Structure formats: structure tokens, C-alpha cells
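Structural description and commentary
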Amino acid sequence: MKSSAALYSLLAILPALINAQSPVWGQCGGIGWSGSTSCVSGSVCTELNDYYSQCIPSSAAPPASTSQAPSPSSTPPTTSAPGTSSAPSSTPTSGPTADNPWTGYQVYLSPYYANEVKAGAAAISDATLAAKAASVANIPTFTWFDTINKTGDLGTYLADAQSIQQSTGQKQLVQIVVYDLPDRDCAAKASNGEFSIADNGQANYENYIDQLVAQITKYPDVRVVAVIEPDSLANLVTNLNVQKCANAQTTYLACVNYALKQLSAAGVYSYMDAGHAGWLGWPANLTPAAQLFAQVYKNAGSSPFIKGLATNVANYNALSAASPDPITQGNPNYDEIHYINALGPVLAQQGFPATFIVDQGRSGQQNLRQQWGDWCNIKGAGYGTRPTTNTGSSLIDSIVWVKPGGECDGTSNSSSPRYDSTCSLSDADQPAPEAGTWFQEYFQTLVSKANPPL
Ligand code: BGC
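Below is a summary of the structure that appears in this document. Per chain, the residues get numbers from 1 upward, laid out in the order the sequence is written. Per-residue local features are limited, in this predicted model, to residues with pLDDT of at least 70; the limit for side-chain atom pairs, both in listing and counting, is 80 or more; totals at the level of whole chains, interfaces and linings are taken over all residues. Think of the side-chain values as coming from all heavy atoms in the structure, minus any hydrogens and water.

**Topic: the state of the cysteines**
Cysteine sulfur atoms are paired as a disulfide whenever they come within 2.5 Å of each other. Under the criterion given, the structure shown has two disulfides. The disulfide partner of C376 is C423, and the S-S distance across this bridge is 2.1 Å. Given an S-S torsion of about 95°, the disulfide between C376 and C423 has right-handed geometry. Taken together, the positions of C376 in the loop between β10 (355-359) and β11 (396-400) and C423 in the loop between β11 and α10 (440-448) put the pair 47 residues apart, joining distant regions of the chain. The helix count covers DSSP runs of H or I at least four residues long, the strand count covers runs of E at least two residues long, and both are numbered beginning at the N terminus.

**Concerning the packing of aromatic side chains**
Geometry of aromatic contacts follows a simple scheme: Phe, Tyr and Trp rings, the Trp one being its six-membered ring, pair when their centres are within 6.5 Å, and the pair is stacked under 30 degrees between planes, edge-to-face over 60, tilted otherwise. Using the criterion set out here, one finds 12 aromatic pairs in the structure. Ring centres of W282 and W372 lie 5.9 Å apart, and the angle between their planes is 70°; on these two criteria the pair is classed as edge-to-face. Linking W282 in the loop between β8 (269-273) and α8 (283-299) with W372 in the loop between β10 and β11, this pair joins segments that are 90 residues apart in sequence. The buried label goes to any residue with under 20% of its type's maximum accessible area, the exposed label to any with over 50%, and the partly exposed label to all in between, with areas taken from a 1.4 Å probe on protein chains only. By relative accessible area, W372 is classed as buried at 1%. Where F439 meets Y442, the ring centres are 5.4 Å apart and the plane angle is 20°; that geometry is what we call stacked. Among the aromatic residues, those joined into a cluster by ring pairs are Y113, Y383, W401, W438 and F443. Sitting over the ring of Y179, R184 keeps its end group 4.1 Å from the ring centre. Placement of a positive charge over a ring is assigned whenever Lys NZ or Arg CZ falls within 6 Å of the ring centre and within 35 degrees of the normal to the ring plane.

**What about helix α5 (residues 201-216)?**
Here the expected length of a helix is defined as 1.5 Å per residue gap, with one fewer gap than residues. With 16 residues, α5 should cover 22 Å at 1.5 Å per step; its first-to-last C-alpha distance of 23 Å lies within 8% of that length. We call two residues in contact whenever any of their non-hydrogen atoms come within 4.5 Å of each other. Buried residues in α5 make contact with β5 (143-145), α4 (151-168), β6 (172-178), β7 (223-228) and α7 (243-265).

**Focus: the side chain of S416**
The topology assignment puts S416 in the loop between β11 and α10. Of note is the side chain of S416, whose polar atom sits 2.6 Å from the side chain of E434. Among all residues touching S416, those that are not within four sequence positions of it are T411 and E434. Any N or O atom pair separated by 3.5 Å or less is treated as a polar contact, with the protein-specific requirement of one donor-capable and one acceptor-capable atom, and with residues adjacent in sequence counted only for side-chain atom pairs.

**Remarks on the layout of surface pockets**
Considered as a void within the structure, the largest pocket measures approximately 450 Å³ in volume. Cavities and pockets were defined on a 1 Å grid built from protein atoms only: a cavity is a group of points that admits a 1.4 Å probe but offers it no way out, a pocket is an open group of points flanked by protein on both sides within 12 Å along at least five of seven lines, and a lining residue is one with an atom within 4 Å of any such point. Lining the largest pocket are 31 residues; nearest its centre among them are W144, D146, E407, A435 and G436. Sorting the residues of the lining of the largest pocket by element identifies α2 (111-122), β5 and α4 as the ones contributing at least two each. At three residues, the largest contribution of residues to the lining of the largest pocket is made by β5. Side-chain classes are defined by residue name, with Ala, Val, Leu, Ile, Met, Phe, Trp, Tyr, Cys and Pro counting as nonpolar, Asp, Glu, Lys and Arg as charged, and the others, Gly among them, as polar. Broken down by class, the residue content of the lining of the largest pocket amounts to 13 nonpolar, eight polar and 10 charged. Grid points are joined across faces, edges and corners, and a volume is the space filled by probe spheres set on the points.

**A look at the pattern of salt bridges**
Close approach of charged atoms lets side chains of opposite charge pair. What makes a salt bridge here is a side-chain nitrogen of Lys or Arg within 4 Å of a carboxyl oxygen of Asp or Glu, nothing more. Evaluation of the coordinates by the stated rule reveals five salt bridges. D146 is the salt-bridge partner of K150, the closest N and O atoms lying 2.7 Å from each other. Taking the relative accessible area as the measure of exposure, K150 reaches 21% and is therefore partly exposed. For R418, the salt bridge goes to E434, with nearest N and O atoms at 3.3 Å. Of this pair, R418 sits in the loop between β11 and α10 while E434 sits in the loop between β11 and α10, and the two are 16 residues apart along the sequence. Each member of the salt-bridge network shares a partner with another, and the members are R362, K403 and D409.

**Focus on the environment of L292**
Considering the arrangement of structural elements, one finds L292 in helix α8. Of the residues examined, L292 reaches a relative accessible area of 19% and is grouped as buried. Not counting chain neighbours up to four residues away, the residues in contact with L292 comprise L233, L236, V237 and L253.

**Things to note about the pairing of β6**
With seven of seven residues buried, β6 is to be regarded as a mostly interior element. Burial along β6 is two-sided: Q172, V174, I176 and V178 and L173, Q175 and V177, pointing in opposite directions, are all buried. Only strands joined by at least two bridges in the DSSP assignment are considered to pair. Summarising the sheet, strand β4 (residues 106-107) and β6 pair through two bridges and their orientation is parallel. Note that in β6 the partner of Q106 across the bridge is Q172. Where β5 meets β6, three bridges bridge the pair, whose relative direction is parallel. Across the sheet, F145 pairs through a bridge with V178, a residue of β6. The pairing of β6 with β7 spans six bridges and is classified as parallel.

**Considerations on unusual backbone geometry**
At the junction of Q430 and P431, the peptide bond is cis and its omega measures out at 0° in the coordinates. Among the structural elements, P431 can be located in the loop between β11 and α10. Of note, the bond from N451 into P452 is cis; its omega dihedral lies within 30 degrees of zero at 5°. Its place among the elements puts P452 in the segment after α10. The phi dihedral of D185 falls on the positive side, at around 60°, and the residue is not glycine. Relative to the helices and strands, D185 resides in the loop between β6 and α5. Residue classification places D185 among the buried residues on the basis of a relative accessible area of 4%.

**With respect to the environment of S36**
In this structure, S36 sits in the loop between β1 (27-29) and β2 (43-49). In the structure, S36 is positioned 16 residues away from A20 in sequence and 6.3 Å away in space, judged by C-alpha atoms. In terms of polar contacts, S36 uses its side chain to reach the backbone carbonyl oxygen of S38, at 3.1 Å.

**Details of the pairing of strand β9 (residues 306-311)**
Within β9, six of the six residues are buried, which leaves the element mostly enclosed by the surrounding structure. With four bridges connecting them, β8 and β9 associate as parallel partners. Considered in β9, the bridge of Y271 is made with G308. By convention a crossover is right-handed if, when the strands point away from the viewer, the path from the first strand over the helix to the second runs clockwise. Handedness of the β-α-β unit built from β8, α8 and β9 comes out right-handed. Here β9 pairs with β10 via four bridges, running parallel.

Next up, the structure:
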């Protein structure tokens with residue numbers, strides 16, 4: 001979502017990458033690459049896939065015999081079979097039985113979002129548009145737990161999902177976003193949260209996770225899939241020059257570690273947020289990102305419930321763009337499929353057999369932005385591809401809607417404590433209310449611009 005600082009700094013070094021020997025972590029080859037194919041001393045040009053070779057420090061380059069990067073089209077490595085010793089001790093009856101957690105499950109519809117949508121549709125006077133708007137209530141999104149006082153609602157949803165499961169015989173899957181880190185949203189302001197590191201933040205966060213887990217373990221027959229902490233680890237890859245992020249680094253890592261371990265022990269399938277193509281998809285960011293995600297995965301015990309990464313959460317990129325948007329400025333990973341195909345093999349090399357989910361909830365229209373780093377209420381956005389496991393890629397478990405379209409990204413009111421000037425840029429829809437609250441005018445545009453149409 002929020003990546004403009006990183007984007008600009010990378011654009012600034014691109015000419016250097018093209019003229020001289022490529023620096024450590026720089027690109028050094030791949031289809032369409034016209035820059036240097038040699039690397040500075042101490043690093044080795046390593047082919048990661050047909051499209052991308054990178055200068056990897058000699059100390060970090062894997063020995064040739066252990067290089068197991070799958071080609072983008074190959075089947076990703078499978079996770080452990082259920083019942084093996086690596087499964088968490090309190091594994092519910094449904095262990096990590098499938099490569100794809102969605103297979104055989106119906107996604108439970110968030111009543112919270114359905115209610116927002118129904119109210120939004122009821123406020124539309126045009127009958128045709130209102131009917132289309134109302135149909136969005138039947139499309140599954142993730143439910144965000146962005147404050148501790150919402151954790152009790154998870155129990156209500158799980159109980160409801162369990163009773164649907166019992167009455168219909170159709171297994172239910174509940175999709176949640178874990179989003180309450182202390183000093184949250186460290187490189188932006190719009191989504192600053194309730195906990196502060198300086199004020200007992202880590203203990204408060206662990207309590208928040210414990211509250212979620214307490215609900216989840218009451219309903220072991222309902223499957224839960226979680227997106228873990230949008231923006232947090234990506235900020236640790238590119239935004240440590242921001243003081244708030246640097247201060248938060250240790251705490252973010254400790255909190256994410258706690259979340260992953262506790263959720264895995266409760267049988268929750270997790271996907272860590274991995275920004276998007278225009279953020280960690282820049283060639284210089286791919287390997288540092290993969291190293292961080294793999295390290296976090298290993299530190300959390302390499303649980304088979306830690307499935308992989310979520311990309312494009314609350315962003316606007318296409319999964320597969322018809323042509324690169326001009327704002328992508330020559331990034332070979334100009335859409336999510338290129339990003340995933342580049343990142344997946346590096347993760348596998350680092351020992352993390354990750355698969356992906358991709359948010360397409362607001363990606364129906366393309367070429368809307370002035371800058372790729374713009375993330376706030378982008379004008380003219382439309383609902384995108386419907387959630388499906390028919391993804392066209394063995395690296396992608398599901399196309400999903402993570403950001404509930406119609407909920408705001410951030411306020412345009414400059415006197416708000418959470419005002420971020422990104423929300424007043426010319427490509428941001430205004431006036432906009434506080435992040436997470438309903439933005440009716442924006443919802444109506446998402447409906448009318450939906451692609452495919454509603
Ligand atoms: C907001 C959250 C909200 C989420 C989903 C974020 O930008 O900060 O409060 O739950 O978006 O709409």
C-alpha cells in the first residue's frame with residue numbers, strides 16, 4: 001500500500017544500475033534486461049528465473065546443489081502431511097491436509113461487511129445501480145480485526161459459520177485480517193492504531209492475539225485463514241529510514257512471531273502481508289524481502305500452517321496487466337503475477353515453500369494513478385476479479401478480496417490526527433472519512449466501475 005518513499009529511492013538508483021556493474025541486490029540479467037550483467041565484487045549474478053537475475057552476496061548465495069527454485073509454472077512444494085510431528089500440538093481435526101486451504105470449503109460471508117453493503121445499496125436511488133450494489137453482499141471479503149474490542153465478534157462469526165456448516169453440511173472457512181500491531185502503519189499515518197510500543201504495546205498485542213485464539217479454539221471444525229499485519233514486514237524491508245519504523249522493528253518481529261506461533265497452534269492458515277509489485281516487487285527489494293519473510297517463517301517454527309504471503313492488500317494492481325501501467329516505470333514486475341513469479345522462487349531458495357493469495361477487490365480498473373506509490377482512495381477504482389481458487393497459477397492459492405471495498409483508506413481532513421497527505425493527492429477521492437469507515441461515494445464508484453461488471 002504505502003511505498004512512495006521506497007519507490008523514489010529505487011528510481012533514483014536505477015540509472016546507476018544500468019551503467020555500471022550491478023550493485024549487491026541489483027538486477028544483472030533476465031529477459032528484457034538491458035543493463036549490466038556483471039556484479040560488483042563480493043556478489044554473484046544468480047539467475048532466479050527467466051526474467052530476473054540478481055547480484056546476491058557470495059556469502060548468501062545458495063550452493064548450486066541446493067538450489068531448488070521451482071519455475072514459475074511448476075507446482076510449489078507441498079507442506080507436511082497431517083499428523084506428522086511438525087503439526088502443532090493443539091491441531092484441530094482439520095490439520096494442514098491440503099495444499100490449498102480453500103479447497104472443499106465455502107467462504108463464510110462477513111456479516112459486518114454484508115451489513116455495510118446492504119445499507120450502502122439502500123442509499124442508492126438508481127434502482128439498477130442499487131441492485132448491483134446489493135449483490136456485493138454475497139461476495140466474500142476478509143474481516144479486519146483492527147482493534148481489540150472487535151475480537152469478541154470473531155466468536156459470533158465462528159459460531160454462525162459452525163451452525164451453517166452443521167445445517168448445510170458445507171464446510172465453512174472464515175477469512176480474517178490480524179491488524180493491531182503497536183505503532184501500526186509506521187511509514188504512514190492514516191491507519192495508526194490503538195497500541196503504542198512505549199505504552200505496553202507488545203503485551204497488549206499478545207493479549208489481542210490471545211483473545212482471537214480463545215475464540216478460534218472454541219470452534220475447531222471451522223477453518224480460519226488469516227492475513228497477518230498488512231504493511232508491517234514490508235515496512236521493515238524498505239522503510240527503516242523512517243524513525244517510527246526503525247523504532248518498531250524489534251517489536252514488530254516479536255509480535256508477528258507471537259501471532260504466527262499462536263495462530264498456527266490453533267490450526268489457522270496464515271499469509272503474511274507482502275506489499276505489492278510496486279513496493280517489494282522492485283528488483284532490488286526482492287531478495288531482502290524474501291530473506292526477511294523466510295527468517296520470520298523459520299523463527300515461527302516453519303509451521304505448515306504458515307502457508308505463504310498475501311499481496312496487493314488494499315492496493316489496486318492487476319494480477320495480470322494487459323500492458324504495464326506507465327507509472328510502473330520499467331519495473332519488470334509490473335503486475336502481481338510477475339511479482340509473485342519473481343518472489344516465489346527466491347522464497348523457496350531461502351527455505352520457505354510459500355504460496356500466495358492476491359487481493360483483487362479494487363483492481364477492476366487500471367492506469368488510474370499518478371504515481372505507483374499512491375494508495376489512498378484512488379479515484380475511479382472498480383471492484384475486480386471475484387474471489388476464486390481458479391487462479392491460473394500453481395503459486396497462487398486464491399484470488400481474494402481482502403480490503404472490503406467501500407471502507408475508506410484514510411481521511412482527507414487535514415486537521416485529523418491520522419491525516420496523511422497522500423489522501424489529498426489529485427488521484428485520491430475526496431472528501432474522504434477516516435480509515436476503515438464507510439465511504440459511500442467511493443462504494444458507488446466501485447460498483448459502477450466493477451470489472452467484470454456486477
Ligand atoms: C483501516 C482499518 C480497516 C481496514 C479495512 C484500514 O486502512 O485502518 O481500520 O479495518 O482498512 O477497511
